[in-house]
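The residues making up each chain are set out below.
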Amino acid sequence: MADGTTERVRPRDRILETAQDMFHKHGIKGVGVDAITEAAGTNKMTLYRHFESKDDLIIECLRATACKAAAIWDAFEAEYPGDKLAQLHAWVRKAADMLNADSRGCDMANAAIELSETDHPARRVIKELKEAQRDRLVSLCRDAGVGQAELLADTLSLLLEGARVSMQSVGAEGPSAQFVRMAEGLIASFRAR
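Residues numbered from 1 in each chain as written. Predicted model: local features only at pLDDT ≥ 70, side-chain atom pairs only at ≥ 80, totals over all residues. Heavy atoms only, no water.

Visitor: Sorry if this is basic, but what is going on with the domain arrangement of the protein chain here?
Guide: When the parts come together, some accessible area is lost, and that loss is often what is quoted as the size of the interface. Taken domain by domain, the protein chain consists of domain 1 (1-51) and domain 2 (55-192). Domain 1 puts 16 residues into the contact, and the matching count from domain 2 is 16 residues. Roughly 1,300 Å² is buried in total at the junction of domain 1 and domain 2, and carbon and sulfur atoms are behind 61% of that figure. Of all residues in domain 1, the largest losses of buried area upon contact with domain 2 belong to Gln20, His24 and Ile28, amounting jointly to 47% of the total for that side. Linking domain 1 with domain 2 are 2 salt bridges. When the shortest N-O distance is used, the salt bridge between Glu60 and Arg12 registers 3.6 Å. Counting across the domain 1 and domain 2 interface gives 7 residue pairs in polar contact (both at pLDDT 80 or more). Only helix H1 (11-26) and helix H3 (44-50) provide two or more residues apiece to the side of domain 1 that touches domain 2. Examining the composition of the side of domain 1 that touches domain 2, we find that 8 residues originate from one element, H1, more than from any other. (Domains from an automatic or database assignment. Contact = heavy atoms within 4.5 Å. Buried area = accessible area lost by both parts, 1.4 Å probe. Salt bridge = Lys/Arg side-chain N within 4 Å of Asp/Glu carboxyl O. Polar contact = N/O pair within 3.5 Å; in protein donor to acceptor, adjacent residues only side chain to side chain. Helix = DSSP H or I, 4+ residues; strand = E, 2+ residues; numbered from the N terminus.)

Below you can see the structure in the form of structure tokens.
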């Protein structure tokens, strides 16, 4: 990089990181290939050598987002080995931290809204990734001793999605400010059943 002490970022990685950042900040439809290549310090030929199309780039960005999410789950397991309830509470705290750190919301949900064409190739990927996240949360709830694990996982997921929308529409002082309290109350209620 600029100081010469770090290894140069490969063009594919630079394009992917730049696109992720720009899609997150400005939306998928608000960012063109020209803007991505300029911000990444490359050209269209290089972009298309690594990604067949903008749609292919979008899909790879979504997969990279899913990898980051998987790393968060792995961190819960590493921090609280064998304690699934503690991991579930860590999920709540991490979700709250993410709400407060970034009001743009979930990249996958935002992409699903923007890419309204039902046959868009990224929609299948979004569905698969969202289902995998749901399955992981259901398993965590079940392993934490919650009898209605699927219902709790779905309730927590919808609460988080709603909090993200609330954050975007009314800001941090709106209902999203109560996310942790509501999520913890849900967990306690489901465990008491």
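Visitor: Explain empty space enclosed by the protein to me, please; I cannot follow it from the model alone.
Guide: Using a probe with the size of a water molecule, rolled over the atoms, empty space left in the structure can be pinpointed. Summed over the entire model, instances satisfying the criterion amount to 1 cavity of 30 Å³ or more. If you add up the space inside the largest cavity, you get close to 120 Å³. Around the largest cavity sit 13 residues that line it, and Phe23, His24, Ile28, Leu62 and Asp107 are the ones nearest its centre. Here the residues of the lining of the largest cavity sort into 6 nonpolar, 4 polar and 3 charged. (1 Å grid on protein atoms, 1.4 Å probe; cavity = no way out; pocket = protein on both sides within 12 Å on 5 of 7 lines; lining within 4 Å. Points joined across faces, edges and corners; volume = space filled by probe spheres on them. Nonpolar A, V, L, I, M, F, W, Y, C, P; charged D, E, K, R; others polar.)

Visitor: Would you mind going over the packing of aromatic side chains with me for this structure?
Guide: Enumeration according to the criterion identifies 1 aromatic pair in this entry. Consider the rings of Trp73 and Phe76, whose centres lie 5.9 Å apart with planes at 75°: the pair is edge-to-face. Of this pair, Trp73 and Phe76 both sit in helix H4 (residues 54-79), separated by 3 residues, roughly a single helical turn. Assigned by exposure class, Trp73 and Phe76 land together as buried. We note Arg193 situated over the ring of Phe190; from NZ or CZ to the ring centre the distance is 4.2 Å. (Phe/Tyr/Trp six-rings, centres within 6.5 Å; stacked < 30°, edge-to-face > 60°. Buried < 20%, exposed > 50% of the residue type's maximum accessible area, 1.4 Å probe, protein only. Lys NZ or Arg CZ within 6 Å of the ring centre and 35° of its normal.)

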